[in-house]
Amino acid sequence: MVVKEFHSFHNPCTFSAGSFSLLISLDGDEYNTSYRVDKAGNPSFPRIIKNVDTLREKYPEYFEEKVNFNAVLHNRNSVESIYRFIRDKYNKIPSIGELNDMGIRADKVELFQETYRNSTESLHQSENYEAIEQDMFLRTGTYQSVTAFLHQYSGFKYHDYTDLLFAHSDVKLVPTGTCLPFSRRMFITVNGKILPCERIGQQFALGSVSEIGVNIDMQEIADKYNVWYAKVEKQCSHCHNTKACVQCIFNLNDLEGNPVCYGFMNKQTFEEYKAVQIDFLRKHPEDYYRIMEEVIVE
C-alpha cells in the first residue's frame, strides 16, 4: 500500500487494530520530492509531511511498528540524501528503488535517461557509504546479492525438517526469479488492471476490477505464464545461477518474441560472481552471521 497523504484521523480503531502496514512514498526532502505533485501541479511534499507528522503524533506506537518509507531514485536526489532525511526525521530506514525502464514511449527515452540514476553508483558516491550500506542492509543490492548467495549455496539453509534430512538434487525449479502470481503482492492501477506488482507494464495484467466485480481467469493466467516460461527455459537450463536467480521475465525485452535473459551466467561468469560474494564476506565476516541469524527468506 502506497499512501501519499491522510485526510482523516477520526477513527482511532483503524490504527489501534494494527492489522495493516503503511508504505509511504517520499523521495527525501522538499527538493528531492519535487517530482511528486498533485493533479493541479502543486508540490505534494508539504501535505505529505504534515499528514505523516500528524500520524506519528497521534499514533506513535502504530507509527513505530507499522509505518515504513519507500523512495524513488532520480536526478533530484541521491541514496545518501534520501537515507539521511528519512533516518534523521523519522528514525526509519527507507527502501530505495530505481525508475522502471519498461514501457517507455520512444519520444520520452531521452528524458528518462536524463532522470534515471543507478542506486549502487549513487550509494558508492556517498560519504562513508559502507556505514550507510550496513545500516540499510537488505535494502541495498550488495546485501541482497550476498544473502541470495548464502541462502542458496552455503549448504546451511533448510526450508523444513524434510529438506534437512533428505537431498533434493533432482527438484525442478521454476524458470527465472519471477514471482508466481499473487504469491507476494499485487497492484491495482487507476484504471482497474490487476498486476503482479507495481514495477511491470500494464500489458501483463492478470485481470481487472470494475464496478461489476473482479475479473480473474486462473487458467488463462497459468497458460500465459507457461508460454512465457517456455521462452526462457532453454536459457535457464544452461545457466549456472538458477538457484539464486532474481531476474523477472517481465523486465526482459521482447518477452512475446525471443527474450534474452540479462541474468544468464555461464560457468566463468558464475565463478566470478561467487568470487565477488566470497570476497565481500571475507572482508565483512560479521555480516555472514548477521545474514544467517537474522534473515528469513519466505
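The structure displayed is predicted, hence computed values, not measured ones.

A.B. asks: Quick rundown of the overall build of the protein chain? Include the residues and the values.
C.D. replies: Along the protein chain, the regular secondary structure elements total 12 helices and 8 strands. Here the C-alpha radius of gyration of the protein chain, 21 Å, is about what a compact globule of 298 residues would show, namely 19 Å. Dimensions of the protein chain along its principal axes, counting C-alpha atoms only, are 55 × 50 × 45 Å. A separation of at least 24 residues holds for 61% of the contacts in the protein chain among residues at least 6 apart in sequence. The positive charge centre, built from 32 side chains, and the negative charge centre, built from 41, are 2 Å apart in the protein chain.

A.B. asks: Could you give me a rundown of unusual backbone geometry, with the residues and numbers involved?
C.D. replies: A positive phi angle, close to 55°, is found at Asn91, a residue other than glycine. Relative to the elements of secondary structure, Asn91 occurs in the loop between helix H4 (79-90) and strand S4 (95-97). Despite not being glycine, Asn128 shows a phi value in the positive range, around 55°. Relative to the elements of secondary structure, Asn128 occurs in the loop between helix H6 (119-124) and helix H7 (129-136).

A.B. asks: Run through the packing of aromatic side chains, naming residues and quoting values.
C.D. replies: Applying the stated criterion across every chain yields a total of 19 aromatic pairs. Ring centres of Phe204 and Phe250 lie 4.8 Å apart, and the angle between their planes is 45°; this geometry places the pair in the tilted category. With Phe204 in the loop between strand S6 (193-195) and strand S7 (207-209) and Phe250 in the loop between helix H10 (218-237) and helix H11 (267-283), this pair connects stretches of sequence that are 46 residues apart. Phe250 gets classed as buried once you look at its relative accessible area, which sits at 2%.

A.B. asks: Run through H7, naming residues and quoting values.
C.D. replies: Buried residues of H7: Ile132, Glu133 and Met136, and no others. Along H7, the residues classed as buried sweep out an arc of 100° about the axis, all on the same side. As for H7, its buried residues are in contact with H4, S4, H6 and helix H8 (141-153). The positive-phi residue at the C-terminal boundary of H7 is Phe137, with phi of around 55°.

A.B. asks: Quick rundown of the environment of Ser34? Include the residues and the values.
C.D. replies: As for its position among the elements, Ser34 is in the loop between strand S2 (22-25) and helix H2 (45-58). Of the residues examined, Ser34 reaches a relative accessible area of 24% and is grouped as partly exposed. Separated by 43 residues in the primary sequence, Ser34 and Asn77 place their C-alpha atoms 9.7 Å from one another.

A.B. asks: Describe the confidence of the model for the protein chain, with residues and values.
C.D. replies: Scored by pLDDT, the protein chain comes out at a mean of 87, with 91% of its residues at no less than 70. H4 holds the highest mean pLDDT among the elements of the protein chain, 97, whereas strand S1 (residues 2-3) holds the lowest, 42. In this model, residues 1-10 is a region of pLDDT below 50 whose contacts with residues beyond four sequence positions or in other chains number 23 contacts.

What counts and what doesn't
- Residues numbered from 1 in each chain as written.
- Predicted model: local features only at pLDDT ≥ 70, side-chain atom pairs only at ≥ 80, totals over all residues.
- Heavy atoms only, no water.
- Helix = DSSP H or I, 4+ residues; strand = E, 2+ residues; numbered from the N terminus.
- Rg over C-alpha atoms; globule rule 2.2 N^0.38 Å.
- Contact = heavy atoms within 4.5 Å.
- Lys, Arg positive; Asp, Glu negative; His and termini not counted.
- Charge placed at Lys NZ, Arg CZ, Asp CG, Glu CD.
- Phe/Tyr/Trp six-rings, centres within 6.5 Å; stacked < 30°, edge-to-face > 60°.
- Buried < 20%, exposed > 50% of the residue type's maximum accessible area, 1.4 Å probe, protein only.
- Arc of directions from axis to C-beta.
- pLDDT = per-residue confidence, 0-100.

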